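# Fold and geometry: a report
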Amino acid sequence: MKKFKDKLINQSLKTKWMLTVGITIFISFAVISIILYVALQTWLLNNEEKNALRTVDDVTTFFSSQGGSVTIQEIQNNTSLMKAILNQEQTVRIFNLDGIEILRINDATTAAKIPNNYEKLLAAEITEQTVNGKHTFVVNKIVQIGPFQGIMQLIHPLTTFDAMMKYIITTMCIVGLGALIFSVSISYYLANILMRPLVQLRDAMQTVRDKGFEEQSMLNYSANDEIGDLLTIYRSMMNELEISFTQQQQFVSDASHELRTPIQVLEGHLSLIKRWGKDDPEVLEESLDTSLAEISRMKKMIEELLNLARREKIDPHSRANINTILTSVVEELKVVHPTALFTESSVGQQKDVFMSEQALAQVLRNLLENGIRYNAQVPRLHTTIHYEIENVFVQIEDNGIGIAEEHLPHIFDRFYRVDEARGQIAGGTGLGLSITKMLAEKYNIELSVTSKTGNGTTFLLRFPQKNAQF
């Protein structure tokens, strides 16, 4: 039994479906057939019993109608009317009280044993017996024929009943076998249809495992059922996995590309120190300063790369006050950039935006630092906050070197450099605006930029007040 169970468990879902449906239909049909067979058998047997008792009553009535003067000899000479009462398979015998046969009508079967109980004979009890190899009903009854009193025995064969029951059970077996074959065929056909999307899902997962996300196959299934929900979840999960995989690859690619230069610089300066820097204080000092600067730059770059690679979930209840966060960020930047000048203004009634305080601080810090870093004069940055009914707008203007129009579409790309001179200013990593763009998309914030070379840059943020992204 355990081996059979293990073998069944290891079968395919299609086979399990087919076997389950087939066995269920077969058992259901078998139970219904048994109930119908028993009901039909009982009903037909009762009819046969009624027919036998009716024949006994008809024969008894015939004897009574002949009057008290009729004799056995007269009945023997005129049995045609008696035969009209009986059917061809029934047999009637008249015995005297000693059990000796006096009269026989329709000699279809041999005589059955006569009971000795006189009360049973008076009650005309019907019994089911096998007579001469035939299934029959036997009725023994005391009868009065004129002055003669004897025992009438009716033998009612159940040949037609038995043939009918054999026909019924044969028909049920044939129909049951046909129903089983039909149900298995239909279940196999339906299993193929219903399992097709799961097979496609399995094949798609194997393709992704063997060939990567680029070779994903299309899953053509749009029904709004459990399988459709499963495929929807699968597509969502694969999309998340592909994004995570792409980010991982991008992180590895970016890190290996961007860290190569500072590592080479460190290697060069350490080699210089090893060769003769230990004996030259100026070379030693310069090499150490450069090495520390490159290490600081690598540390910042790694942190920003990790920020881009992370996919933290959004807290639907996160809120932040722009004025409070802006003041905090400006105070931080004043410590690092004491020469920069910051001004702020706001219009409308203050209200929170749907964004975490950490994310908002990082966005504002990146945009303000961008204006400070890429500036050829004393940095002047003005931030204006417009509070409206459905939106909050934040505008950050600087007096920096500006960006040419052809470069604007690319400034949010990782490590994008407008030109070499801009790339050398303040040692930026080229990731700040990429992180800002990522956070803006994450919190459903619209981010736009306008700029002209030599006339500064303006960033505009639109925070929707309706928390639709959650």
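So, here is what we can say about the structure in this document.

Rules used in this analysis
- Residues numbered from 1 in each chain as written.
- Predicted model: local features only at pLDDT ≥ 70, side-chain atom pairs only at ≥ 80, totals over all residues.
- Heavy atoms only, no water.
- Helix = DSSP H or I, 4+ residues; strand = E, 2+ residues; numbered from the N terminus.
- Buried < 20%, exposed > 50% of the residue type's maximum accessible area, 1.4 Å probe, protein only.
- Contact = heavy atoms within 4.5 Å.
- Areas by Shrake-Rupley, 256 points an atom, 1.4 Å probe, with all protein chains shown as cover.
- Salt bridge = Lys/Arg side-chain N within 4 Å of Asp/Glu carboxyl O.
- Axes fitted to C-alpha atoms, helices over the stretch in contact; angles between N-to-C directions.
- Parallel < 35°, antiparallel > 145°, perpendicular 65-115°, else oblique.
- Left-handed = near helix turned anticlockwise from the far one by under 90°.
- Pairing = 2+ DSSP bridges.
- Polar contact = N/O pair within 3.5 Å; in protein donor to acceptor, adjacent residues only side chain to side chain.
- Patch = residues over 30% accessible without salt bridge, like charges linked within 9 Å, V, L, I, M, F, W, Y side chains within 5 Å.
- Lys, Arg positive; Asp, Glu negative; His and termini not counted.
- Charge placed at Lys NZ, Arg CZ, Asp CG, Glu CD.
- Nonpolar A, V, L, I, M, F, W, Y, C, P; charged D, E, K, R; others polar.

We now examine the overall build of the protein chain. A tally of regular secondary structure across the protein chain gives 13 helices and ten strands. Within the protein chain, buried positions represent 37% of all 470 residues. Here the analysis covers contacts within the protein chain between residues at least 6 apart in sequence; of these, 66% occur between residues at least 24 apart. A total of about 28100 Å² of accessible surface is found on the protein chain, and carbon and sulfur atoms cover 57% of it.

We now examine unusual backbone geometry. Phi is positive for Ala 124, which is not a glycine, with a value near 55°. Among the secondary structure elements, Ala 124 is positioned in the loop between α5 (118-123) and β3 (126-131). The backbone of Asn 132 shows a phi angle near 55°, a positive value even though the residue is not glycine. Mapped onto the elements, Asn 132 comes out in the loop between β3 and β4 (134-145).

The final tally for this structure, using the stated rule, is nine salt bridges. Two residues, Glu 101 and Arg 93, come together in a salt bridge whose shortest N-O distance is 3.3 Å. The partner of Glu 101 in a salt bridge is Arg 104, with the nearest N and O atoms 2.6 Å apart. A residue is classified by how much of its surface remains accessible, and Glu 101, at 30% relative accessible area, is partly exposed. Taking the relative accessible area as the measure of exposure, Arg 104 reaches 40% and is therefore partly exposed.

Across the interface, helix α2 (residues 13-65) lies against helix α6 (residues 159-211) with an axial gap of 8 Å and an inter-helix angle of 160°. Accordingly, the angle class assigned to the pair α2 and α6 is roughly antiparallel. Seen along the crossing, α2 lies across α6 with a hand that is right-handed.

This part is about the sheet that holds strand β2 (residues 101-105). With antiparallel pairing, five strands are arranged side by side in an open sheet as β2-β1-β5-β4-β3. Taken across any chain shown, the strands that pair with only one partner, and hence form the sheet edges, are β2 and β3. Neighbour to neighbour, the strand axes of the sheet diverge by 30° on average, direction disregarded. Strand direction decides the pairing type here: β4 and strand β5 (residues 148-157), joined by ten bridges, are antiparallel. Within β5, the residue paired with Thr 136 across the bridge is Pro 157. Those strands touched by α2 are β1 (91-95), β3, β4 and β5, and its axis lies near 25° from that of β4.

Side chains Leu 447, Val 449 and Ser 451 project from strand β9 (residues 446-451) onto a buried face, and the interleaved Glu 446, Ser 448 and Thr 450 project onto a face without burial. Where β9 lies against strand β10 (residues 457-464), six bridges are found, and the strand directions are antiparallel. Within the sheet, the bridge partner assigned to Val 449 lies in β10 and is Phe 459.

Our next topic: the side chain of Ser 356. By the secondary structure assignment, Ser 356 is in the loop between β6 (341-347) and α11 (357-373). Residue class for Ser 356 comes out buried when judged on its relative accessible area of 15%. A polar side-chain atom of Ser 356 sits 3.2 Å from the main-chain amide nitrogen of Ala 359. With residues up to four places along the chain from it excluded, the contact list for Ser 356 reads Ser 318, Ala 320 and Tyr 443.

So, about the side chain of Thr 384. For Thr 384, the position within the fold is in strand β7 (residues 380-387). A polar contact of 3.1 Å, which involves the side chain of Thr 384, links it to the side chain of His 382. Residues within four places of Thr 384 in sequence aside, it is in contact with Ser 345, Phe 393, Val 394 and Gln 395.

This next bit is on the environment of Glu 48. Considering the arrangement of structural elements, one finds Glu 48 in helix α2. For Glu 48, a relative accessible area of 16% corresponds to the buried category. Distance from Glu 48 to Thr 136, taken between C-alpha atoms, is 9.7 Å for residues 88 residues apart in sequence. If near-sequence neighbours (up to four positions away) are discounted, Glu 48 is found in contact with Phe 137, His 156, Leu 158 and Phe 161.

Negative charge collects at one region of the surface, where Glu 282, Glu 285, Glu 286 and Asp 289 lie side by side. Structurally, the position occupied by Glu 286 is in helix α9 (residues 281-309).

Turning our attention to the packing of helix α10 (residues 322-336) against α11. Relative orientation of the contacting elements α10 and α11 amounts to 45°, with a least axis distance of 9 Å. Taken together, the axes of α10 and α11 lie oblique to each other. Crossing geometry of α10 relative to α11 is assigned as right-handed. In this structure, α10 contributes Ile 322, Ile 325, Leu 326, Val 329, Val 330, Glu 332 and Leu 333 to the contact, and α11 contributes Glu 357, Leu 360, Ala 361, Leu 364, Arg 365, Leu 368, Glu 369 and Ile 372. Across the contact of α10 with α11, the residue classes tally to eleven nonpolar, no polar and four charged.

Honestly, that's just the spatial picture; any functional story needs more than this.
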